[in-house]
Amino acid sequence: MTAPRCLVVEDEDLLADLLVDNLRQVGFAPARAKDGERALSDLATQTFDLVILDVMLPLRDGFDVLQTLRARNDHTPVLVLSARAADADRIKGLALQADDYLTKPFNLQELLLRCQALLRRGRARRTEVLTFGGNRVDFSGRRATTWRGEDVALTPAEVALLRLLAEQPGEVVDRRQIVDSVFGRSTPVKHRTVDNLVLRLRRLFERDSKQPAHLHTVRAVGLRFDPDS
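Given the structure is predicted, the values throughout are model-derived calculations rather than measurements. (Residues numbered from 1 in each chain as written. Predicted model: local features only at pLDDT ≥ 70, side-chain atom pairs only at ≥ 80, totals over all residues. Heavy atoms only, no water.)

*Asks:* Looking at this model, I keep getting lost on the sheet that holds strand β7 (residues 135-138). Mind explaining?
*Replies:* Whenever strands of a sheet pair, they do so through backbone hydrogen bonds, lying parallel or antiparallel. Taking strand neighbours across the sheet as the criterion, the 4 strands line up as β6-β7-β8-β9 in an open arrangement whose pairing is antiparallel. Where the open sheet ends on each side, the last strands, each with one partner, are β6 (129-132) and β9 (151-153). Adjacent strand axes in the sheet meet at a mean angle of 15°, parallel and antiparallel pairs treated alike. Pairing analysis gives 3 bridges linking β7 to strand β8 (residues 143-145), with the strands arranged antiparallel. (Pairing = 2+ DSSP bridges. Helix = DSSP H or I, 4+ residues; strand = E, 2+ residues; numbered from the N terminus. Axes fitted to C-alpha atoms, helices over the stretch in contact; angles between N-to-C directions.)

*Asks:* Just checking my understanding: could you explain the sheet that holds strand β2 (residues 29-33) for this structure?
*Replies:* Strand order in the open sheet made by the 5 strands is β2-β1-β3-β4-β5, with parallel pairing throughout. Sheet topology places β2 and β5 (100-103) at the edges, where each strand pairs with a single neighbour. Ignoring which end each strand starts from, the neighbouring axes of this sheet average 20° apart. Of the pairings in the sheet, the one linking strand β3 (residues 50-54) to strand β4 (residues 78-82) comprises 4 bridges and is parallel in character. From the neighbouring strand, valine 51 faces β4, where its bridge partner is valine 78.

*Asks:* Please explain the environment of aspartate 174 as it appears in this structure.
*Replies:* Among the structural elements, aspartate 174 can be located in strand β10 (residues 172-174). Sequence-distant contacts of aspartate 174, that is, excluding residues within four places in its chain, are made with Val221 and Gly222. A distance of 2.8 Å separates a polar side-chain atom of aspartate 174 from the backbone nitrogen of glutamine 177. (Contact = heavy atoms within 4.5 Å. Polar contact = N/O pair within 3.5 Å; in protein donor to acceptor, adjacent residues only side chain to side chain.)

*Asks:* Please clarify how the nonpolar core should be interpreted in this entry.
*Replies:* The nonpolar side chains of soluble globular proteins are, as a tendency, buried together. Core analysis: the biggest nonpolar cluster contains 26 residues, and Val137, Leu154, Leu161, Leu162, Leu165, Ile178 and Phe205 have the highest contact counts within it. Contributions of two or more residues to this core are made by β6, α6 (156-166), α7 (175-183), α8 (191-205) and β12 (222-225). Those residues in contact with leucine 165 that sit more than four places away from it in its chain are Val173, Leu215, Leu223 and Phe225. Core analysis: the next-biggest nonpolar cluster, separate from the first, contains 20 residues, Leu40, Phe48, Leu69 and Val80 among them. (Core = buried A, V, L, I, M, F, W, Y, C linked by side-chain atoms within 4.5 Å. Buried < 20%, exposed > 50% of the residue type's maximum accessible area, 1.4 Å probe, protein only.)

*Asks:* I tried to follow the packing of α6 against α7 on my own but got confused; where do I start?
*Replies:* When two helices pack together, their arrangement is given by the angle between their axes and by how far apart the axes lie. Put simply, α6 and α7 touch, their axes get as near as 9 Å, and they point 135° apart. Compared by their axis directions, α6 and α7 come out oblique. In terms of crossing hand, the pair formed by α6 and α7 is right-handed. For the pair α6 and α7, the contacting residues are Ala157, Ala160, Leu161 and Leu164 in the first and Gln177, Ile178, Ser181, Val182 and Phe183 in the second. Grouping the constituent residues of the contact of α6 with α7 by class yields 7 nonpolar, 2 polar and no charged. (Parallel < 35°, antiparallel > 145°, perpendicular 65-115°, else oblique. Left-handed = near helix turned anticlockwise from the far one by under 90°. Nonpolar A, V, L, I, M, F, W, Y, C, P; charged D, E, K, R; others polar.)

*Asks:* Would you mind showing me how to read helix α2 (residues 36-45) here?
*Replies:* An α-helical turn contains 3.6 residues, so any two residues separated by three or four positions project in the same direction. Turning to α2, its buried residues are Gly36, Ala39, Leu40, Asp42 and Leu43. All buried residues of α2 lie within an arc of 165° about the axis, which places them on one face of the element. The inward-facing, buried residues of α2 abut β1 (5-9), β2, β3 and α3 (62-71). For α2, the capping residue at the N-terminal end is aspartate 35, with a side-chain oxygen 3.0 Å from the backbone nitrogen of glutamate 37. (Arc of directions from axis to C-beta.)

See the structure below:
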């Protein structure tokens, strides 16, 4: 099972190192951003399961990062970590759709437990929402917001294929499984039907549909989905 990815957005090196080391020890795959601009760039181009977000950051503060993230329809779980203990700041963070808010100084074990709880909640929620490469797919609503900012409706077949691939990131899904899962075992489907479906998804979600970063064809086998490319 792939380790859950956590982005630690913290400009204090000692604290960031402490968080990264301890997150790794409890099974996360942590990465770090030192300022708000880098955090937003990383979150636009990579997929994370959790964000630990400091408020006092260079370039763009944590509240600005959080507000921008939610405006993108990115609902990655966010734990705000701040030296600001005032009720007004905590309320502001929660109003901006932070999932949790912890003030400094904090108990490390409590932080790790909160991270694990947010991860469980995020996984349950992510079964209906997929984010990758600046795109957001709402499976239950059969709609998507592309990296261009376009809001598009998806067909049942498009939703079924994306869900199937997203459940097995980085793995090759063979064409027989794709046909059975998307169209049903008893439905006669031509190879071109699947190819046209993939082409449509690439045009929607890839920045260069001729050189896809996420939806890869593995010749004579099937498809592979790479959310973090």
